[in-house]
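One letter stands for each residue in the lines below.
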Amino acid sequence: SILDSLTARLAAGLFYTYLHASPAQTLALPKGELLDFKQTMATHELGLALAYPLGEKLHLGFTTKYVKRSIEQPDGTPEELRTDGGSGINLEAGGILRLTTGLSLGVTGQNLVSVDKRAYPRLLGLGLAYALGTELLAEFDAVMNFSSSDSVKLGYHGGGELFLGGWYALRGGAMHDSLREATYVTGGMGLIS
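Residues numbered from 1 in each chain as written. Predicted model: local features only at pLDDT ≥ 70, side-chain atom pairs only at ≥ 80, totals over all residues. Heavy atoms only, no water.

## A word on the overall build of the protein chain
Under the convention used in this document: Only DSSP runs of H or I with at least four residues qualify as helices, and only runs of E with at least two residues qualify as strands; both kinds are numbered from the N terminus onward. Partly exposed describes any residue whose relative accessible area lies between the buried limit of under 20% and the exposed limit of over 50%, with all areas from a 1.4 Å probe on protein chains only and scaled to the type maximum.
The number of helices and strands found in the protein chain is zero helices and 13 strands. N-terminal to C-terminal, the α/β element order of the protein chain is β-β-β-β-β-β-β-β-β-β-β-β-β. For the C-alpha atoms alone, the extent of the protein chain along its principal axes is close to 60 × 35 × 35 Å. The buried share among the 193 residues of the protein chain stands at 25%.

Have a look at this one:
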């Protein structure tokens, strides 16, 4: 990626990403059968991201990317799982509104034009962040997934950082994902020099 956010008010980034994977999975089929399933995926993404401040309180951003996915699946793959990937343009947009000193609200729309609903689900994210100088940062956000088959699925994320003595950063966070019905917790400590 190449990024310039210093020479002009319009920040711009150009990026290319290549992903390759051959995950092995065991899938439960509708009649109760199990299928050992391995597919090979290759994804190319080429994109342009732009961001612009509208005064001191509002920042807007936009990303467009071209995605090309190729998927090789084994013989005998069930029809409902068959795909060869696909290609197309994907769009994302977002904004940050500074409500007060230290308090910000963020909104993102991800995969607004989606190439593949499973790999690139349509998401709406809403986040709230509070910073007390450089000593404390607390964040909370919710993500709505509109690409699941039965209903909108929600994910909740929260976390914080405490910066001690100008040297140590203590971090912790948790998330709950209702699509995968899973909860994750993480923590860490950093040394800044």
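There is more to say after this.
## Overview of unusual backbone geometry
We note that Asn 111 has phi near 55°; this positive angle belongs to a residue other than glycine. Within the secondary structure, Asn 111 is located in strand 8 (residues 103–113). For Asn 111, a relative accessible area of 5% corresponds to the buried category.

## Concerning the confidence of the model for the protein chain
Put simply, the rule reads: For every residue, the predictor reports its confidence as pLDDT, a number between 0 and 100.
Counting all residues, the mean pLDDT for the protein chain is 89, and 98% of those residues have values of 70 or more. Across the protein chain, the secondary-structure element scoring lowest on mean pLDDT is strand 3 (residues 24–28), at 74, and the one scoring highest is strand 9 (residues 123–132), at 96.

## With respect to the pattern of salt bridges
Note on pairing: side chains with opposite charge can pair once their charged atoms come close. Put simply, the rule reads: Salt bridges are defined as contacts in which a side-chain nitrogen from Lys or Arg sits within 4 Å of a carboxyl oxygen from Asp or Glu.
Enumeration over the complete set of coordinates arrives at three salt bridges. Among the charged side chains, a salt-bridge network with shared partners connects Glu 45, Lys 65 and Glu 92.

## Looking at the side chain of Ser 147
Applicable threshold: Polar contact is the term for a pair of N or O atoms within 3.5 Å; when the atoms are in protein, one must be able to donate a hydrogen and the other to accept it, and sequence-neighboring residues count only if both atoms are side-chain atoms. The contact criterion used is simple: two residues touch if any of their non-hydrogen atoms lie within 4.5 Å.
Position of Ser 147 relative to the elements: it lies in the loop between strand 10 (136–145) and strand 11 (153–164). Residue Ser 147 is classed as buried on the basis of its relative accessible area of 16%. For Ser 147, the side chain forms a polar contact with the main-chain nitrogen of Arg 122, separated by 2.7 Å. Aside from chain neighbours lying at most four places away, what touches Ser 147 is Lys 117, Pro 121 and Arg 122.

## Focus on the sheet that holds strand 9
Operational definition: The pairing criterion is simple: DSSP has to find at least two bridges between the two strands. The axes are straight lines fitted to the C-alpha atoms, using for helices just the contacting stretch, and the angles between their N-to-C directions are given from 0 to 180°.
Ordered in space as 1-2-5-6-7-8-9-10-11-12-13, the eleven strands form an open sheet in which the pairing is antiparallel. Across the chains shown, the open sheet's two edge strands, defined by having one partner strand only, are strand 1 (2–4) and strand 13 (182–191). Each neighbouring strand pair of the sheet contributes to a mean axis angle of 15°, computed without reference to strand direction. Summarising the sheet, strand 2 (residues 11–21) and strand 5 (residues 40–54) pair through eleven bridges and their orientation is antiparallel. Within strand 5, the position partnered with Leu 19 by the bridge is Thr 43.

## Here we look at the layout of surface pockets
Spelled out, the test is: Points on a 1 Å grid, built from protein atoms alone, make a cavity when a 1.4 Å probe fits but cannot get out and make a pocket when they are open with protein on both sides within 12 Å along at least 5 of 7 lines; residues with an atom within 4 Å of a point are the lining residues. Grid points are joined across faces, edges and corners, and a volume is the space filled by probe spheres set on the points. The classification used treats Ala, Val, Leu, Ile, Met, Phe, Trp, Tyr, Cys and Pro as nonpolar, Asp, Glu, Lys and Arg as charged, and all other residues, Gly among them, as polar.
By volume, the largest pocket is sized at about 380 Å³. As for the largest pocket, its lining consists of 17 residues, and the residues nearest its centre are Pro 121, Asn 145, Asp 177, Leu 179 and Arg 180. Elements that contribute at least two residues to the lining of the largest pocket include exactly strand 10, strand 11 and strand 12 (168–177). The biggest single contributor to the lining of the largest pocket is strand 11, with four residues. Class assignment for the residues of the lining of the largest pocket results in seven nonpolar, five polar and five charged. When contributions to the lining of the second largest pocket are tallied by element, the ones reaching two or more residues are strand 3 and strand 6 (58–72). Residue composition of the lining of the second largest pocket, grouped by class: six nonpolar, four polar and three charged.

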